[in-house]
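# Examining the three-dimensional arrangement
Chain residues, written in single-letter form:
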Amino acid sequence: MADADHHAGPDPDPGLPKARFGAAFIARFLRRFACPGVTVGLAAVFGILRFFSSFVLLGVLGCRSTPAPAARARPSAEVAPPRSPAFIRQQGNHLLGSASAYLREHAHNPVDWYPWGPEALALAQKLDRPIFLSIGYVSCHWCHVMEHEVFEQDDVAAFLNAHFISIKVDREERPDLDAVYMAAVQTMTGSGGWPMTVLLTPSLQPFFGGTYFPHKEFLELVQAGAQQFTSQRSAVENEGAAVYRRIAASEPAGAQPALSDQELHALARSALGNLDRQSGGFRGRSKFPTPIKWRFLLDAYRKWGDAELALALRQTLSAMAEGGLRDQVAGGFFRYSTEPTWTVPHFEKMLYDNAQLASLYLEAAAALGEPRYRIIGLDTLDFMLRDFGTPEHAFGSSFDADAGGKEGASYLWYPAQIRSVLGEADGARIATLLGVTEAGNFEGASIPTFRASESLRASTQPLWATSRGKLLEARRQRVQPAFDPKLVSAWNGLALSALAWGYRASGDDKYRAAAESAAKSLWALNHAANGGLLRASDQTRPGSPAVLDDYGMLANGLIDLFQATGVALYLEQATTLVTEALTRFASPGGAWYLTASADQEPLGRRIETYDGVEPSGNAALIAALQKLSALTGRDDWEQAATRALASYAGAMRQNNVDMAGWLDAALLANGPFYEVVIAGDNAALGAAWRSLLPAWAVGVGVSRAGPTPNQIRVMPTAARKTAPGGSLAYVCVHGACNAPTADAAQLRRQLLGGWLH
C-alpha cells in the first residue's frame, strides 16, 4: 500500500492481520503467468507488478505439468448473444431498481451487472461461465475510480459480457459475502481492500482476486482468467477448492481457562509494543482510529491505573482530534489517515466511526480527567445529529470522499478564502490557528488542523467560537460530497449507544430525544415480528436479512438507551433481539455464526472473531449478554457469554487486540460488574453516576416509590428498591448489594470497588 492511499491504491481493509508479499510469492506469480496459452505476456506482468503498491493480486492461475483437460461441453440450450454495451448503457442492466444506492450507481454501466441472487448464480451454472464478482460501497473513492476507468469502458464490458456473469455487491448490505471473499483475498495475497475483485467458478469458489486494477491491467487479467478457466479447468477448480479449505471456519478446540486479570493486563501492555510513540496510534503508513482497540486499552487503564496506558491514550486521542483526521470546521472524523501523522485523511465519513469515537472520547474524558475529550465527544454527536440524520429520524451510513469529482474538495482551504469569510485580521489569525498556509499540506491547499500553541488556542478561543459557524456556512456553498441515507441496523445501534452516553454525560435532552426517535424508526423499518431483523433499509425499501453484527450492536444500543431513559420498551426490544440471535446464529463451539442461514454464505457459515473498525458480531453479542444478565438476573445469559469467552480464550491469547472487543468483554467478565438502581431524583447521586460513565456497570433510575410494573417486568433486579426518605442508590453484584447510600461520594467509592478510574 502506498504512503498516500487516496492517490495510489484501494481503500484498505484494517479488519484482519496482514501478511506481507515475499520473494516466493512474486516468483510464483511470474512462473504461473509465463505459461503457454495464457494471453498475458511478461511485459504485461512487469507492468502489473509496478502496481503492487496500489493493489493486491492473487496469482493462482497456474501452469500444470499435466495436459489441459478437454473443454467441457457447453449447455445444449440456445444462448442469446450478449447485449451490446451501447444498448445496456442506454437501457440499464439488472441493477436497475436495486435498494442499494451503490448498485444503482452502476445500473447504466455497459457491463451487464447482476445483483447477487438466484438469477445470476443459476445463469452461471446454466452457461457454465465463471463469475466476475466486484464488491464495494457507495462512499468508496477507489470504487468510483475503477468504475470510471474500467466498468464504463466498452471494451471491458464487451469482454465481461461475453465470458463472465458479472455480479456487483454492496459490502454494507451484504457483509456476509464481503467477509468470506475478503478472507479469500487476504489469505492468498496478504492484504485486501475495496473495490474487491474476485473471479469465481460457477460453484462460487474463488480462483483469482485483488482490489483496484487500472483499465489495461484489468482487461489483460480477466482475459487470462477466462482462458485459464477454459483451458485448465481442473487446475482452476483445484485452486478454488484449496482456497476454500484455507478460509473455511473451524470450531475452537474447546473450552480453555479464562483469561486472568494478569494475562489481560499483560496483553494490554504488549499491544503498546506497536505504538507509534511519535505520532500516536499504532505504527503504519496509514492509520485507522480503531476505537474498539482503544476502548479495551482505556478500560484496562481504568482497571489497573497503568501510567503507560494512560500516556498512550492521551497521545493518540489528542493526535487524532488535533490532526486532519478530524473535520475541524464541521466536527466529526474522517475514515482514516493516509500517512502516519494523522494530517491527511481519506475523506470518507462513516457513521460507525463517528458513533464509536464519540463514545470513546466521552468515556476517556471521565477516565482520564480530560474535559476537552468530553467537548470532542459531544461535538461529534452534534455533527451526527446535523449531518447524518435522515427523514426517517435515524442515521444514514456515509459521506463520499469525493466532491465534484475531486477527493476532499469541499474540505480544503486557502488563506485567502478564510480571510474573505472572516476579514483580513480575524481571517489571518484563524488561518494560523488552523494551520492553513500558502504552501498548504495537501496538493497546494490546506486541510485544517488544530495544532497551534496552547497560548494561541487560548487567545483565539472566543474568536474561533464565532468564526467556526461562518466557515461552515461558507463551505456549504461548495459542491458537497454525496450522502448515503441507507439505515444500517448495526451502525445505528452504535449511534444509539453514543447518544445515550452523550445524554448521560451532558444531561442534554437533544441526545436522548434523537436516540428515542431513531430507535422507534429502526424498529418500525428494520424489525419484522416474525422474520427477524433486517440488515438495512434504504428510502424505506427493505434490504437483506441482518447478520450477527446487527443483532449485537442494535441490542447494545437499546440497552444503553434503556439506561439513559428508564423506558422498559427498549430493554424489552433488546431482549427480543438477543433471544432471536441466540436461536438463529448459535454454533456448536459456543460462539455464533455470522449469518442465520447456511444459504446466505456461499462457502459455508463462518464465525467472525476479529474485531476491526467495528466490533465483531460475537463481541457485540457477548457485551449485550453481560449487560442483560446484570439487569435481569438471568444466569443463563451470563453462562452463554462465559462459554463463548472460554471457547476462544486461546484465540484471544494469540491475537491480542485484533480481538479487542472480546478482550474488553473478558475484562468486564472478570469484574466486578455492577448493577445500579437509583431511586428518587437526587441530583448529586445522578451526577456521580453519570460523571463516572463506568463500562463495568449498568443501571437505571426509578421513582422514590420504586420501579414501575413495566420496569420490574423487564428488570426484576430493580424490585423493592425504593427511597421512602428521599433518594438512595443501590449498587449490587449478582443480586448481593452494598448498603444503600444517599451520599454521592459513597456511591462513587462503591462503583470504583475493584476499579481505579
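A brief report on the enclosed structure follows.

What counts and what doesn't
- Residues numbered from 1 in each chain as written.
- Predicted model: local features only at pLDDT ≥ 70, side-chain atom pairs only at ≥ 80, totals over all residues.
- Heavy atoms only, no water.
- Pairing = 2+ DSSP bridges.
- Helix = DSSP H or I, 4+ residues; strand = E, 2+ residues; numbered from the N terminus.
- Contact = heavy atoms within 4.5 Å.
- Axes fitted to C-alpha atoms, helices over the stretch in contact; angles between N-to-C directions.
- Buried < 20%, exposed > 50% of the residue type's maximum accessible area, 1.4 Å probe, protein only.
- Core = buried A, V, L, I, M, F, W, Y, C linked by side-chain atoms within 4.5 Å.

Reading across from one edge, β22-β21-β23-β24 is the order of the four strands in this open sheet, with mixed pairing throughout. With one partner strand each, in any of the chains shown, β22 (697-702) and β24 (736-737) form the two edges of the open sheet. Both strand β23 (residues 728-733) and β24 contribute to a ladder of two bridges, which runs antiparallel. Considered in β24, the bridge of Cys732 is made with Cys737. Sheet contacts for helix α28 (residues 683-692): β21 (674-679), β22 and β23; angle to β21, the most-contacted strand, approximately 155°.

That bond from Trp194 to Pro195 is cis: its omega, 5°, falls within 30 degrees of zero. Inspection of the secondary structure assignment puts Pro195 in the loop between β6 (193-194) and β7 (196-200). Here the residue pair Gly671 and Pro672 is connected by a cis peptide bond, since its omega of 0° sits within 30 degrees of zero. Following the sequence through the fold, Pro672 ends up in the loop between α27 (660-670) and β21. With phi around 50°, Glu443 is a residue other than glycine that occupies positive phi space. Given a relative accessible area of 46%, Glu443 falls into the partly exposed group.

We now examine the environment of Ser397. Assignment of secondary structure puts Ser397 in the loop between α16 (371-388) and β12 (398-399). We classify Ser397 as buried; its relative accessible area is 0%. Residues Ser397 and Phe483, spaced 86 residues apart in sequence, show a C-alpha to C-alpha distance of 7.8 Å. Setting aside chain neighbours within four positions, we find Ser397 in contact with Glu172, Lys349, Met350, Leu351, Phe388, Phe483, Asp484, Pro485, Lys486, Val488 and Trp491.

Let's shift gears to the nonpolar core. Within the largest apolar cluster, 212 residues are counted, with the highest numbers of intra-cluster contacts made by Trp116, Leu133, Ile167, Tyr181, Phe218 and Trp592. Per element, the largest residue contribution to this core is 13 residues, and it comes from helix α15 (residues 351-368). With near-sequence residues (within four places) excluded, Leu133 lies in contact with Trp116, Ile167, Val169, Tyr181, Met196, Thr197, Val198 and Leu200. Core analysis: the next-biggest nonpolar cluster, separate from the first, contains 16 residues, Ile430, Leu434, Ala452 and Trp464 among them.

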